[in-house]
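These are the residues of each chain, in order.
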Amino acid sequence: MSVRGMSEQAFLVVTALADEPMHGYAIVQAVEALSEGRVRLRVGTLYGVLDRLVADGLAERDREEVHQGRLRRYYRLTDAGVRALAAEVARMRSNVRAASAVLRAREAR
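Residues numbered from 1 in each chain as written. Predicted model: local features only at pLDDT ≥ 70, side-chain atom pairs only at ≥ 80, totals over all residues. Heavy atoms only, no water.

**Points about the overall build of the protein chain**
At step 1: Across its full length, the protein chain carries four helices and three strands.
At step 2: In the protein chain, the order of α-helices and β-strands from amino to carboxyl end is α-β-α-α-β-β-α.
At step 3: For 109 residues, the compact-globule estimate of 2.2 N^0.38 gives 13 Å, and the protein chain exceeds it by more than 25% at 16 Å.
At step 4: The dimensions of the protein chain, computed from C-alpha atoms along their principal axes, are 65 × 30 × 20 Å.
At step 5: The buried share of the protein chain, reckoned over its 109 residues, is 31%.
At step 6: In the protein chain, 51% of the contacts between residues at least 6 apart in sequence involve partners at least 24 apart. (Helix = DSSP H or I, 4+ residues; strand = E, 2+ residues; numbered from the N terminus. Rg over C-alpha atoms; globule rule 2.2 N^0.38 Å. Buried < 20%, exposed > 50% of the residue type's maximum accessible area, 1.4 Å probe, protein only. Contact = heavy atoms within 4.5 Å.)

**Thoughts on the packing of aromatic side chains**
At step 1: Under the counting rule described, the total for this entry stands at zero aromatic pairs.
At step 2: Sitting above the plane of the Tyr 74 ring, Arg 63 keeps its charged end 3.9 Å from the centroid. (Phe/Tyr/Trp six-rings, centres within 6.5 Å; stacked < 30°, edge-to-face > 60°. Lys NZ or Arg CZ within 6 Å of the ring centre and 35° of its normal.)

**Some points on the nonpolar core**
At step 1: Counting residues in each nonpolar core, the largest one holds 26 residues, and the members touching the most others are Val 13, Leu 17 and Ile 27.
At step 2: Elements supplying a minimum of two residues to this core: helix H1 (8-17), helix H2 (24-34), helix H3 (43-55), strand E3 (70-77) and helix H4 (79-108).
At step 3: With seven residues, H1 is the largest single contributor of residues to this core.
At step 4: Leaving out residues up to four positions away in the same chain, Ile 27 has contacts with Val 13, Leu 17, Met 22, Leu 46 and Leu 50. (Core = buried A, V, L, I, M, F, W, Y, C linked by side-chain atoms within 4.5 Å.)

Take a look at the structure:
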């Protein structure tokens, strides 16, 4: 994922999972909070992202719990997921530096 980068949705899901294992609805809420309301994941989108992260070894199922008669599946970030998040943050920082330099040069003209 580091060559082309993560989608914004995957980046936000990985970021949400970086602190602690979470279940689907909690991930949806965390993504909305992290994005300041810009990104609202639908359930199908969330589980598509989670399935890809699991397949890529960046996340894994942590546990399952029954809450009010419904099954909650928790996911957690793997060590590879932590490394991928750090690499993505570094890639984004580099892009921001480059874009900021171009904007500063434009403003100076």
